[in-house]
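A closer look at the structure
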Amino acid sequence: MKKIKSYILLILSFCSIFSVKAQIVLPRILGHNMVFQQKKPIHIWGKASVGEQINVQFSGQSVKTTADSEGNWQVWLKALPASSIPQELKIEGKEVITLKNILVGEVWLCSGQSNMEYTMRKNSKVKRPNLPDPNPVDELEVAKNPLIRIFLVNRKELVKPDPQHKGWSIAQDSALRSFSAVAYFFAKEVHQQTGVPIGMISSAIPGSRIEPWISEEAFAGSPYFKGQKVEGEPAKFYNPMIRPLESFVMKGFLWYQGESNCFLKDSVQYTNKMETLISSWRKAWKDDKMPFYYVHLVPYLYSKSTGKVVLEKETLPTFWQAQANVTQRVKYTDFVTTTDLADTLTNIHPWYKWEIGKRLALLALKHDYGKKDLVASGPIFKKMKIKNDKAILSFESMGGGLMSKDGKDLNYFSLAGADGKFYEAKAIIVGTQVEVFSEKVPEPKTVRFAWQEDAEPNFFNKEGLPARPFTSKK
């Protein structure tokens, strides 16, 4: 609670500086070039002199209010359809603030650690992939779309007003160079498929655990953590980097984090932490159906690390399962698989951020933008039956069919019998199923796929998306 109090005092101190001068003060997230969320009421708020009359005008609407006894004011505008036509937002009191070049479209908040923070500048320096032009490595040179807008959260500045209202930028040039590559490529794909303006807010810290992104009150109210002392500095980043955004209406969240918790051998508790984060963020935005999409960690040799916590070859697949379990417990969530995107097994920051952004966009397009027939993920294990000495596997999200990406035998399948000891197994595609068998396991009970940290399997659907790692044992 001390952190929350200090955060509130910090905001009040900045606001008091401006209110003494009888200025209207807006939060930093409200500014020129911003995007308002379509089809939801639009929230505008700020500070002014006590009792000051405020009139807010936008897109033909005019709403009046009065600053309360603490100088706070807010108005709600009616929901609007998407609009690519730049408009002005006028806020009139004792002074007039005019915010220019505002669009209406889709707004997403992106958060996590270094892989979400990973900038477009870094993206332009990776090994050039053999892809058709325009090559994603060259995106900084060609990005000139005025309908994609970006807002980069600075931990020290978000709680401070900006008299120039310049936090938002068009996604190009120097502003884009410092922005999240995953967030940008997500926006680019969604815009191309929908045609509506996209606003992306990136709030990420390299090396951060999940706990600092969760408020103290969320942990205190969680059925899993209530009464516990939670390590990892809860609320350290939530208070300065997420809480000030809560009043800004958005579509949903993108999350790319987990490496720091995997290094700590977090597993079942990570599922609970993600569930706490998601439910608390949705509660803060007063919308329990806000979509939340996240990224599986890439294959990496965690067992070779020399930290205080000793890690094994199964530490990463166990963490993958902890990540995957979130979708079983929390509605309106989904994730992308990245087993094919590690450039090396010793690089925890995969180069292919354009592909990760695109795969996240596929989830949003399928679940939120009406493209129900879109294949948004690779094969997902559905059920297993045993026939003679074989495990017969069925899958969802098969798309145009199952395939071996390199034309070779399927790899990284293993079987275990009643003794629980796993052996490498042969796997073949038979129609819409996969048959798995091994001479060493005549009576199979459990099958695993990609259940090791260095697994880079060749099992895909024909849309080119990799199968999700799994174990049939619940």
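Counting from 1, residues in each chain are numbered in the order their sequence is written. In keeping with the predicted nature of the model, local features appear solely for residues at pLDDT of at least 70, side-chain atom pairs appear and are counted solely at 80 or more, and the whole-chain, interface and lining totals rest on all residues. Excluded from the side-chain calculations are hydrogens and water; all other atoms, namely the structure's heavy atoms, are used.

1. Considering the overall build of the protein chain
- Scanning the protein chain from terminus to terminus reveals 12 helices and 23 strands.
- The globule rule used here is 2.2 Å times the number of residues to the 0.38 power, and the radius of gyration it is set against is calculated over C-alpha atoms. Over its C-alpha atoms the protein chain spans a radius of gyration of 24 Å, differing by no more than 12% from the 23 Å that the globule rule assigns to 474 residues.
- In terms of principal-axis extent, the alpha carbons of the protein chain reach across some 85 × 50 × 35 Å.
- Within the span of the protein chain, comprising 474 residues, buried residues form 55% of the whole.
- Using the Shrake-Rupley algorithm and a 1.4 Å probe, accessible areas are obtained, with residue cover drawn only from the displayed protein chains. Within the structure as shown, the protein chain displays about 21000 Å² of accessible surface, and the carbon and sulfur contribution to it stands at 51%. Helix and strand definitions follow DSSP, with helices as H or I runs of at least four residues and strands as E runs of at least two, each counted in order from the N terminus. Burial classes: relative accessible area under 20% of the type maximum marks a residue as buried, over 50% as exposed, and values in between as partly exposed (1.4 Å probe, protein chains only).

2. With respect to the pairing of strand β11 (residues 252-256)
- For β11, the tally of buried residues reaches 5 of 5 residues, placing the bulk of the element in the interior.
- Strand pairing follows a simple DSSP-based rule, namely that at least 2 bridges must link the two strands. As judged from the 5 bridges shared by strand β7 (residues 96-112) and β11, these two strands associate in the parallel manner. By the bridge assignment, Gly-112 is partnered in β11 with Tyr-256.
- With 3 bridges joining them, β11 and strand β12 (residues 292-295) adopt parallel strand pairing. Paired with Leu-254 across the strands is Tyr-293, a residue of β12.

3. Focus on the pattern of salt bridges
- Within this document, salt bridges are pairs made up of a side-chain nitrogen of Lys or Arg and a carboxyl oxygen of Asp or Glu, the two lying within 4 Å of each other. Under the definition given, this model contains 19 salt bridges.
- With its nearest N and O atoms 3.3 Å apart, the salt bridge here joins Glu-233 to Lys-236.
- For Glu-233, a relative accessible area of 44% translates into the label partly exposed.
- Its salt-bridge partner being Lys-265, residue Glu-312 comes within 2.6 Å of it at the nearest N-O pair. Placement of the pair is Glu-312 in the loop between β12 and α11 (315-329) and Lys-265 in the loop between α9 (259-262) and α10 (268-284), with a sequence separation of 47 residues.
- With a relative accessible area of 36%, Glu-312 lands in the partly exposed category.
- Look at Lys-265 and you get partly exposed, because its relative accessible area is 38%.
- What you see here is one network of salt bridges that share partners, running through Arg-209, Glu-211, Asp-266 and Lys-273.

4. Some points on the confidence of the model for the protein chain
- Looking at any residue, its pLDDT shows the predictor's confidence there, from 0 to 100. Per-residue pLDDT for the protein chain has a mean of 94; in total, 95% of the residues score no lower than 70.
- Throughout residues 13-20 the model reports pLDDT below 50, and contacts reaching past four residues in sequence, or to other chains, amount to 10 contacts. Residue contacts are defined here by distance: any two heavy atoms, one from each residue, within 4.5 Å place the two residues in contact.

5. A look at the packing of helix α6 (residues 181-194) against helix α12 (residues 353-368)
- Two numbers describe how α6 lies on α12: the axes approach to 7 Å, and their chain directions differ by 45 degrees. Taken together, the axes of α6 and α12 are oblique relative to one another. Taken as a pair, α6 and α12 cross one another with a handedness that is right-handed. Contacts between α6 and α12 involve Ala-181, Val-182, Phe-185, Phe-186, Glu-189, Val-190, Gln-193 and Thr-194 from the former and Lys-353, Trp-354, Ile-356, Gly-357, Lys-358, Leu-360, Ala-361, Ala-364 and Leu-365 from the latter. Note on geometry: axes are lines fitted to C-alpha atoms, helical ones only across the stretch in contact, with angles between N-to-C directions running from 0 to 180 degrees. Any angle between 65 and 115 degrees counts as roughly perpendicular, while under 35 counts as roughly parallel, over 145 as roughly antiparallel, and the rest as oblique. It is the rotation of the near helix from the far one that decides the hand of a crossing: anticlockwise by less than a right angle makes it left-handed, clockwise makes it right-handed.

6. Side note on the environment of Ser-169
- Examined against the element boundaries, Ser-169 turns out to sit in strand β9 (residues 168-170).
- Sequence separation between Ser-169 and Glu-88 is 81 residues; the distance between their C-alpha atoms is 15 Å.
- Setting aside residues up to four positions removed in sequence, Ser-169 forms contacts with Asn-33, Ile-148, Arg-149, Ile-150 and Ala-175.

7. Describing the nonpolar core
- Grouping buried Ala, Val, Leu, Ile, Met, Phe, Trp, Tyr and Cys residues that are joined through side-chain atoms within 4.5 Å yields what is termed a nonpolar core. With 74 residues, the main nonpolar core has Ile-44, Ile-201 and Phe-248 as its most contacted residues.
- Ranked by residue count, the leading element in this core is β7, at 7 residues.
- When sequence neighbours within four positions are dropped, the list of residues in contact with Phe-248 reads Ile-29, Leu-30, Met-34, Val-35, Phe-36, Trp-45, Val-107, Trp-168, Ile-201 and Trp-285.
- The next biggest cluster of nonpolar side chains, apart from the first, holds 43 residues, and it includes Met-120, Phe-186, Tyr-256 and Ala-361.

8. Focus on the sheet that holds strand β18 (residues 422-424)
- Judged by pairing direction, the sheet is antiparallel, and its 4 strands sit side by side in the order β18-β17-β21-β23 without closing on themselves. Strands with a single pairing partner mark the edges of an open sheet, and in this sheet they are β18 and β23 (470-471).
- Here strand β17 (residues 413-416) runs beside β18; their pairing, made up of 3 bridges, is antiparallel. Among the inter-strand pairings, Leu-415 is bridged to a residue of β18, identified as Tyr-423.

9. Concerning a positive patch on the surface
- Taken together, Lys-382, Lys-383, Lys-385 and Lys-387 make up a surface patch of like positive charges.
- On the basis of relative accessible area, Lys-383 is assigned to the exposed category, the value being 51%. Residues form patches when they are more than 30% accessible in relative terms and have no salt bridge. Like charges link within 9 Å. Nonpolar side chains (Val, Leu, Ile, Met, Phe, Trp, Tyr) link within 5 Å. We score Asp and Glu as negative and Lys and Arg as positive, and we do not count His or the chain ends. Here the site of a charge means NZ on Lys, CZ on Arg, CG on Asp, or CD on Glu.

10. Concerning the environment of Tyr-300
- Among the secondary structure elements, Tyr-300 is positioned in the loop between β12 and α11.
- Looking at Tyr-300, the relative accessible area reads 17%, which means it is buried.
- C-alpha separation for the pair Tyr-300 and Thr-344, spaced 44 residues apart in sequence, amounts to 7.9 Å.
- With sequence-adjacent residues up to four places away left out, Tyr-300 is seen in contact with Phe-263, Leu-316, Leu-345, Thr-346, Asn-347, Ile-348 and Glu-453.

11. Some words on the side chain of His-191
- Position of His-191 relative to the elements: it lies in helix α6.
- Take His-191: its relative accessible area is 12%, and that puts it in the buried class.
- Residues in contact with His-191, not counting those within four places in the same chain, are Asn-145, Leu-147, Ile-148, Val-196, Pro-197 and Ile-198.

12. Looking at the sheet that holds strand β20 (residues 433-437)
- Taken in spatial order, the 4 strands of this open sheet run β14-β15-β20-β19, and their pairing is antiparallel. Since the sheet does not close on itself, it has two edges, and those belong to β14 (380-387) and β19 (426-430), each with one partner. Across the sheet, the mean angle separating the axes of adjacent strands is 25 degrees when strand polarity is ignored.
- With 4 bridges joining them, strand β15 (residues 390-396) and β20 adopt antiparallel strand pairing. Looking across to β20, one finds that Ile-392 is bridged to Glu-435.

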